[in-house]
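Below, each chain spelled out in residue letters.
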Amino acid sequence: MRSPRLLTESLHTSTYLLAMLGCLASSLAQGQSPADETFNLLETGTGVELGIGAYHNEYKEHTDTDPDFMHQSGRLYDLQLDAHMTLDNDLFIKAIVRVGDARFDYSGSGTASDHKDRINDVRLLVGKDFFPRPSLAISPYIGLGSRNLSDDARGKTSIGAIGYRRDSQYSYLPIGASIRFQVGNDALINTTLEYDYV
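If you're wondering where the values come from, they're calculated on a predicted model, not measured in any experiment.

Caption draft 1: The overall build of the chain, seen in detail. Tallying secondary structure elements over the chain gives 1 helix and 10 strands in all. Of the contacts made within the chain by residues no fewer than 6 positions apart, 60% connect residues no fewer than 24 positions apart. Accessible area of the chain: about 11100 Å², with a carbon and sulfur share of 60%.

Structure representation (structure tokens):
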């Protein structure tokens, strides 16, 4: 029997509600206050942000004869710490640490629901800020990440197959963009779209 080829694609669509602590840290790191004329809340800036995220995640395995050999999808919620620095020409670098908890549904050897996962994620990104409007910033980025996944699939599926627990560690290439909308003088909403190539 031919071993299945892995297709490990994670498509994340996330919305972050950024703590104003991060925005304040950025302004303090630059020696500015939100009242300064030179302060731009939409810039990536230099400082620290703390946020929460919600994602939809997909994982698939397939063989040459069975494109739906295994499929797992579900919800992921996380806490993220983001340290970032602005460079010349609106370029920036970021170091991000993320800890998440997930619930997944499985189909393959039968079906099962509410598998529990734990994810620890570290990545380094480089990108650039664009400002198409005074209240809008778009920041595409690319980088390198490392993720540890603890997948607890213990129990039985709908046809009696026995699940198991596994731990995995892998590197990946994150490609995405952050879109920031300014709300008032000292608040913003940040939406991030990202594709992770494993």
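Caption draft 2: Molecular detail of the packing of aromatic side chains. Applying the stated criterion across every chain, the model contains 0 aromatic pairs. Here the basic side chain of Lys 128 rests over the ring of Phe 130, its NZ or CZ set 5.6 Å away from the ring centre. Across the ring face of Tyr 172, the terminal group of Arg 147 is positioned such that the distance to the ring centre comes to 4.2 Å.

Caption draft 3: Spatial organisation of the pattern of salt bridges. Enumeration over the complete set of coordinates arrives at 9 salt bridges. Here Lys 94 ties to Asp 82 by a salt bridge, and the two come within 3.3 Å at their closest N and O atoms. Highlighted residues: Lys 94 in strand β5 (residues 91-108) and Asp 82 in strand β4 (residues 70-86), separated in sequence by 12 residues. Relative accessible area serves as the criterion here: at 4%, Asp 82 is assigned to the buried category. Notably, a salt bridge pairs Arg 103 with Asp 101, separated by 2.9 Å at the nearest N-O pair. The exposure class of Arg 103 is partly exposed, given its relative accessible area of 24%. Residues participating in the shared-partner salt-bridge network are Asp 78, Arg 98, Asp 121, Arg 123, Arg 147, Glu 194 and Asp 196.

Caption draft 4: Examining the nonpolar core more closely. Listed in full, the 6 residues of the largest apolar core are Tyr 55, Leu 76, Ala 102, Phe 104, Ile 119 and Leu 149. Leaving out residues up to four positions away in the same chain, Ala 102 has contacts with Arg 75, Leu 76, His 115, Lys 116 and Asp 117.

Caption draft 5: Spatial organisation of the confidence of the model for the chain. Here the chain shows a mean pLDDT of 78. Residues at 70 or above account for 80%. Mean pLDDT across the elements of the chain ranges from a minimum in strand β1 (residues 5-7), with 37, to a maximum in strand β7 (residues 130-133), with 93. Per-residue pLDDT stays below 50 along residues 1-38; that stretch engages in 98 contacts with residues further than four places along the chain or on separate chains.

Caption draft 6: Inspection of a nonpolar patch on the surface at higher detail. Taken together, Met 85, Leu 87, Leu 91, Ile 93, Val 126, Ile 142, Leu 173, Ile 175, Tyr 195 and Tyr 197 make up a surface patch of nonpolar side chains, about 810 Å² in accessible area. Of all the secondary-structure elements, those providing two or more residues to the nonpolar patch are β5, β9 (162-182) and β10 (188-197). In this structure, Leu 173 sits in strand β9.

Caption draft 7: Summary view of the side chain of Thr 44. Tracing the backbone through its elements, the reader meets Thr 44 in the loop between α1 (20-29) and β3 (47-62). For Thr 44, the side chain forms a polar contact with the side chain of Asp 129, separated by 2.7 Å.

Caption draft 8: Looking closely at the pairing of β5. Where β4 meets β5, 16 bridges bridge the pair, whose relative direction is antiparallel. Each residue of the ladder has a partner; that of His 84, found in β5, is Lys 94. Counted along the chain from β4 to the antiparallel partner β5, the turn is 4 residues long, and its residue Asn 89 has a positive phi close to 60°. With 17 bridges connecting them, β5 and strand β6 (residues 110-128) associate as antiparallel partners. In the strand pairing of β6, Ala 102 is matched with Asp 117. Adjacent in sequence and paired antiparallel, β5 and β6 are bridged by 1 residue.

Caption draft 9: Representation of the environment of His 84. With respect to the helices and strands, His 84 occurs in strand β4. When the C-alpha atoms of His 84 and Thr 46 are compared, they prove to be 5.3 Å apart, with 38 residues separating the residues in sequence. Looking at His 84, its side chain comes within polar contact range of the main-chain oxygen of Thr 44, at 2.9 Å.

The rules behind the values
- Residues numbered from 1 in each chain as written.
- Predicted model: local features only at pLDDT ≥ 70, side-chain atom pairs only at ≥ 80, totals over all residues.
- Heavy atoms only, no water.
- Helix = DSSP H or I, 4+ residues; strand = E, 2+ residues; numbered from the N terminus.
- Contact = heavy atoms within 4.5 Å.
- Areas by Shrake-Rupley, 256 points an atom, 1.4 Å probe, with all protein chains shown as cover.
- Phe/Tyr/Trp six-rings, centres within 6.5 Å; stacked < 30°, edge-to-face > 60°.
- Lys NZ or Arg CZ within 6 Å of the ring centre and 35° of its normal.
- Salt bridge = Lys/Arg side-chain N within 4 Å of Asp/Glu carboxyl O.
- Buried < 20%, exposed > 50% of the residue type's maximum accessible area, 1.4 Å probe, protein only.
- Core = buried A, V, L, I, M, F, W, Y, C linked by side-chain atoms within 4.5 Å.
- pLDDT = per-residue confidence, 0-100.
- Patch = residues over 30% accessible without salt bridge, like charges linked within 9 Å, V, L, I, M, F, W, Y side chains within 5 Å.
- Polar contact = N/O pair within 3.5 Å; in protein donor to acceptor, adjacent residues only side chain to side chain.
- Pairing = 2+ DSSP bridges.

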